[in-house]
Structures are given as C-alpha cells and as structure tokens.
Amino acid sequence: MAVDLRLVLPGTTAAPLHGLAASRAIEAQACARAGDFTLMLRAGTDAARLALARWPHARRVWVACGPGNNGGDGLVMARCLHQLGRQVTVTHLSGRGTVPADAQRALAQAVQAGVTFGDAPAPGAVDLAVDALLGLGQDRPPGEAVLALIDALHACQAPILALDLPTGLAADSGQTLGEHGVRASATLSLLTLKPGLFTADGRDHAGEIWWSTLGATLDGAAPDALLLGADEARRLPPRPHAGHKGAFGDLWVLGGAAGMQGAAVLAAHAALAAGAGRVYLATLADTAVHALPGAPAALMHRDTHALRQPERLAAATVVAGCGGGGDMGAELPAPIRHAARLVLDADALNAVAAEPALATALVARGHAARPTVLTPHPLEAARLLDSSTRAVQADRLAAARALARRFGAVVVLKGSGSVIATPEGPPWINATGNARLASAGTGDVLAGWLGGRWAALGDATDAAARAAREAVWRHGLAADRAGPHVLIADSLIEAMLASTADAA
Ligand SMILES: NC(=O)C1=CN([C@@H]2O[C@H](COP(=O)(O)OP(=O)(O)OC[C@H]3O[C@@H](n4cnc5c(N)ncnc54)[C@H](OP(=O)(O)O)[C@@H]3O)[C@@H](O)[C@H]2O)[C@@H](O)CC1
Ligand SMILES: Nc1ncnc2c1ncn2[C@@H]1O[C@H](COP(=O)(O)OP(=O)(O)O)[C@@H](O)[C@H]1O
Ligand SMILES: [K+]
C-alpha cells in the first residue's frame, strides 16, 4: 500500500475534519472493509515511519502506551522500531476493563518480538518519547496513573510524538480535559483529522500536525468542520481589467470615538488595501480624518449623519464598531436596517449584546436575508450569547454556530484557530495565524480587510463567507510569515497586501 503520510500545515487545500462520532463511524466502516487489526497495523507502521523520517537520529525511544487501542497503535510502533534496530522501551498501563482485542494482539506481537517493557525512563535517557496513552476513547480528565505518565513524557527532555491525539485533548473542541495534557512536538492524526487539533488549546498541545488516512476512504460520515487551505485566497476573482473605483464598492467605517480613532483608521486603511473602491470614515469624534496619525490620504471623512440615509446605505458596505466606544449603539439602527453589507466588530457587538432592540433588529435583518458578518473575540461572543468566555472556549465551533444561526449571519469567532460559521453547513477552522497577532488593533485590521474584500465582491454568490474566509486566512498568513516578535497592526496591513502578490 502506498504511504499516505502528510504534514497538514501549511495546507494548500481544504481538509475535512471529523469529530469523535464521525471518526467512530468512519472507523467502523474502514475496519469492516480492511479487516480486523489491519488499521492498527497501518497506524503503528505509519507512526514508526514518521518517527524515522522526522527524528532519524533518535536511537532510544520510549513509548508510553495506554490500556486501549491508542496504546495498541503504540505497541505496533514499538515493535516496528525495535525490529529496525532502535532501542525501544514500552511502559504499558492497564485500565479498569479488559484490553481490546486489537491491542491485545499488538501486545502479544510486541512481547514475542522481544520489545523491552519497563518503567518511564530517567530524564535525558531517550531521544524520542511517544504518547500512545489515550486517543479517541478519552471520556474524562486523565486519571492519576495517566497524569504521572504525562509528567514523565514532559520530563524526558526529548521530542514527544503523540499518536492520534495528544493525551488530555478533546477531539471535538480542542479543550484540555483535565489539569494538564500532553504538549507534543508533533501529533500524527490517524484515519481522520480531528477539529480539536486546530482550535482552542489544540495547536499548543498538538505541535506539528501530521495525518495518515490509514489507506481508508472517509466517506462514512460527513465532516464536522473544514480546515481552511491556501486555495481559499485563489478562489476570489481577479479585478477586471476595465474595472473602475465605482465597481469595487463604497465602504464606510463607523467607529473611532474620542481617543480610539486609531482603530477606525486601521480598519479603513485595511479596507482600501483589500480592494474597496472608495472608503469613507465616519468617526464618532470630531477630529478631522486627515489630522489623525496614519490616516491614508485616500480616505474620505463624513459625518455620521450621512450613515442615517437609507438610499446611501442601500449600496454600501458598513464596517461598524472599531473603536466605537459606548456611543456606538445610537449609530447602529440605520446600518442594521439598510446597509447592503454589514460587518459588526468590537463595540458594535457589545452594543448589540447590551441593547435588546439592536439584537432584535439584527435578527430581523437576518430574516430579511440581508447579509451580515460578525467578528467577535471570545469575550464579545460570550456577551452576545449571555455566557462566559470559558464556556465559549470550551466549544468554539458550537458557540460560533449558535451565533450564526441566531442572527442569520456569518460569524468569525477569533482566537487561536478562528472559526468561521454560517447558519447552514459545516464551519471552517483557520489554520494560519499565531500569537504574534495578539496585539491591539489586529482585529480592526481583520474587520476592515474583510469589509474591503466583501465590498469589491459585491453581491457575488456567498460573498460574505468567501470574504470572511479569505480575510481570516490571509491575516493569519501574514503573521506566520512575520519575524519571531509581535506584528503590530500597521505592519500587518502591509504584510497582508504583500502576500496577495503570490496568491492572486
Ligand atoms: N479501532 C480501530 O480500528 C482503530 C483505532 N485506532 C486507535 O484507537 C484509538 C481509540 O481507541 P479506544 O477506543 O480503545 O480508546 P483509547 O483512546 O485507547 O482510550 C480508551 C482506554 O483508555 C481508558 N481511559 C479513557 N479515558 C481515560 C482517562 N481519562 N484516564 C484513564 N483512562 C482512560 C479506557 O479505560 P476505562 O478505564 O474507561 O475502562 C480505555 O481502556 C484511536 O485514538 C486510535 O489511536 C487507530 O489505530 C485506527 C484504527
Ligand atoms: N494566539 C493567536 N493565534 C491566532 N490568532 C490570534 C491569536 N491571538 C490573536 N489572534 C488574532 O488577532 C486578532 C485580534 O483581534 P481582537 O481580539 O479583536 O483585537 P483588537 O480589538 O485589539 O484588534 C484576531 O483576528 C485573532 O484571531
Ligand atoms: K495519544
């Protein structure tokens, strides 16, 4: 069988993500097709292949195996590496119940092959440690014995390769199940790619993400989510040669209360860079736009009164909220009612959360099929859902979907592994981006860029979701390509613009 082992990130095309239930359904179908034990043999063999390719100089390997089939994968891997002359030690943990049949077979073969069984190694005694403790079967926080082995894995002072999932990480949500889980250098996801590897705590626990489909087809269950790939950016149409500024939309940024105009300027600048034809800045403060530091010369300033005119709004893209402060709510009724395209960020979202009349108007906008994109960070999402940041982070996919359905909107739930949800269909998880974006103003850039892309796309099919996916992906790409330190918001716009040169 051809080897089907790939590094997932950076991804060139979208990849399907399957949670626990879908992975189990695919597993059952693949097992029935391939026969007993075949998938475990492939899993362990691919894990050994990855170890040899990724850490070719690792001679001493410790494999920490749990009581279930995840441990079985580890036992097959251990036997393969042992037979290839590596010095392998296995610690095998027993569980409350009996060892499943496949794992028993893997255990018997490892014993027969002469693999060494023993305790966890001393720090510095191995070149590679393998987490085959728990995978899809974890249904509770790791118990004491598992926690002790997690500590031992971290104490090894060697790279850690996790099989299927880092122990302690929930497959569906990327939430850590207990006090702490394995922080792997790399994870080999088996059969399916799990959404939890890519969002919430997932990226910090998984490290580099590899995938083997074990030779199976994944047609047994629909994906729960999709991973954004680079092709998302290429799907946007090129600007027609004879295009003129009127063809790429008028965009209004509404925000920038006293002391916070910088946020509105960033959004407006990003909107221009993303391709909006004309960008107007309607600030809630009196300062003239051109007196604002960093304001591009092409920006036009208007009084917020201009944004109360239905006929003007009927053709406009409005990005509202950036630095809007507490007065934002008073400016929102007209854009919510009339704007052709509406992006609500930051203080606009806070206003909707605080004022039931605005929330009702936004729901009505959704019912009227007027497109909206909401770009909350987890706290803003929690306010909208009358929930807590913790609850939102515990299931980011569900939180984003709940908001999308409630408001009939596209929702970008920001943070590590930004989730892009629509009322129907599977949500997307972004694979680009990192904590270099965790600095003030980067969210304003995202909202502005998204609005600019959307304005230029106009009323094309699915334009809101397409613009959201491209903006989120490119925003993260710019951060992935940046140097090791933070990426300040002004440089982020330039970096996003520069990245369009190679992905147009
Ligand atoms: N079957 C196949 O075709 C394929 C399967 N594959 C592999 O199988 C993995 C799934 O295997 P699985 O279902 O046996 O679950 P697994 O993750 O090993 O854990 C279950 C064991 O752990 C225990 N346990 C659970 N939670 C615990 C906790 N918090 N703290 C302590 N103990 C805990 C639980 O015991 P309990 O104490 O609940 O009786 C049970 O014994 C999957 O991730 C992939 O690696 C691949 O090779 C592809 C083909
Ligand atoms: N650790 C991270 N990984 C990936 N993206 C991140 C991370 N931290 C922040 N970001 C991104 O940076 C942006 C921050 O936006 P936001 O929280 O609204 O900040 P601000 O309002 O100050 O601009 C979001 O797009 C978010 O997804
Ligand atoms: K594991």
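The structure presented is a predicted model; accordingly, all values stated were derived computationally and were not measured. (Residues numbered from 1 in each chain as written. Chains lettered and ligands numbered in written order. Predicted model: local features only at pLDDT ≥ 70, side-chain atom pairs only at ≥ 80, totals over all residues. Heavy atoms only, no water.)

Under perfect tetrahedral coordination by four donors, a metal shows angles of 109.5 degrees; under perfect octahedral coordination by six donors, it shows angles of 90 or 180 degrees. Within the protein, Asn70 (OD1), Asp131 (O), Leu134 (O), Leu163 (O) and Leu165 (O) serve as the donor atoms for the potassium ion (ligand 3), at 2.6 to 3.0 Å. When the donors of the potassium ion (ligand 3) are listed by position in the chain, the intervening gaps give N-x60-D-x2-L-x28-L-x1-L. Note that Asn70 is positioned in helix α3 (residues 69-83) and Asp131 in strand β6 (residues 128-132), a separation of 61 residues in sequence. We note that Asn70, like Asp131, is buried. (Donors = N, O, S within 2.8 Å, 3.2 Å for Na, K, Ca; no water. Helix = DSSP H or I, 4+ residues; strand = E, 2+ residues; numbered from the N terminus. Buried < 20%, exposed > 50% of the residue type's maximum accessible area, 1.4 Å probe, protein only.)

In the numbering adopted here, UniProt assigns the feature "binding site: K(+)" (unreviewed entry) to Asn70, Asp131 and Thr167. In terms of the greatest pairwise C-alpha distance, the residues named above, spread along 98 residues, form a tight cluster of at most 9.8 Å across. In contact with Asn70, other than residues within four places in its own chain, are Asp131, Ala132, Leu133, Leu134, Gly135, Leu163 and Asp164. Residues in contact with Asp131, not counting those within four places in the same chain, are Ala64, Asn70, Leu153, Ile160, Leu161, Ala162, Leu163, Leu165, Pro166, Thr167 and Val182. (UniProt positions renumbered as here; feature names shortened; annotations may be inferred. Contact = heavy atoms within 4.5 Å.)

The next thing to look at is the pairing of strand β3 (residues 60-65). Most of β3 sits inside the fold, with five of its six residues counted as buried. When β3 meets strand β4 (residues 87-92), the two strands line up parallel, connected through six bridges. Residue pairing for β4: Arg60 is matched across the bridge by Gln87. Tracing the backbone out of β3, into α3 and back to the parallel element β4 gives a crossover that is right-handed. Pairing between β3 and β6: five bridges, direction parallel. In the strand pairing of β6, Trp62 is matched with Ala129. (Pairing = 2+ DSSP bridges. Right-handed = clockwise from strand over helix to strand, strands pointing away.)

To continue, consider the packing of helix α1 (residues 20-34) against helix α2 (residues 38-54). Contact geometry of α1 with α2 gives a least axis separation of 8 Å together with a crossing angle of 105 degrees. Put simply, α1 runs roughly perpendicular to α2. When α1 is examined against α2, the residues Glu27, Ala30, Cys31 and Ala34 are found in contact with a partner set consisting of Thr38, Leu39 and Arg42. Here the residues of the contact of α1 with α2 sort into four nonpolar, one polar and two charged. (Axes fitted to C-alpha atoms, helices over the stretch in contact; angles between N-to-C directions. Parallel < 35°, antiparallel > 145°, perpendicular 65-115°, else oblique. Nonpolar A, V, L, I, M, F, W, Y, C, P; charged D, E, K, R; others polar.)

Before going further, it helps to spend a moment on the sheet that holds strand β2 (residues 15-17). One open sheet holds the 11 strands; their spatial order is β2-β10-β19-β18-β17-β16-β15-β14-β11-β12-β13, and the pairing between them is mixed. The outermost strands of the open sheet, each flanked by one partner alone, are β2 and β13 (300-301). With five bridges joining them, strand β11 (residues 250-255) and strand β14 (residues 316-320) adopt parallel strand pairing. The partner of Asp250 across the bridge, within β14, is Ala316.

Those places that UniProt annotates as "domain: YjeF N-terminal" (unreviewed entry) correspond, in this numbering, to residues 23-222. Split by type, residues 23-222 is 37% helix and 16% strand. Its first and last C-alpha atoms lie 10 Å apart.

So, on to the site of ligand 2. Taken together, the neighbourhood of ligand 2 is formed by 17 residues, with Lys414, Gly415, Gly441, Thr442 and Gly443 sitting nearest. Gly415 is positioned such that a nitrogen or oxygen atom in its backbone is 2.9 Å from an oxygen atom of ligand 2. With respect to ligand 2, the side chain of Ser418 contributes an N or O atom lying 3.3 Å from an oxygen atom. In isolation ligand 2 offers 570 Å² of accessible surface; the protein chains occlude 78% of this area. A per-element tally of the shell around ligand 2 places helix α17 (residues 442-457) first, with four residues. In the shell around ligand 2, the residues fall into five nonpolar, 10 polar and two charged. (Near = heavy atom within 4 Å. Polar contact = N/O pair within 3.5 Å; in protein donor to acceptor, adjacent residues only side chain to side chain. Areas by Shrake-Rupley, 256 points an atom, 1.4 Å probe, with all protein chains shown as cover.)

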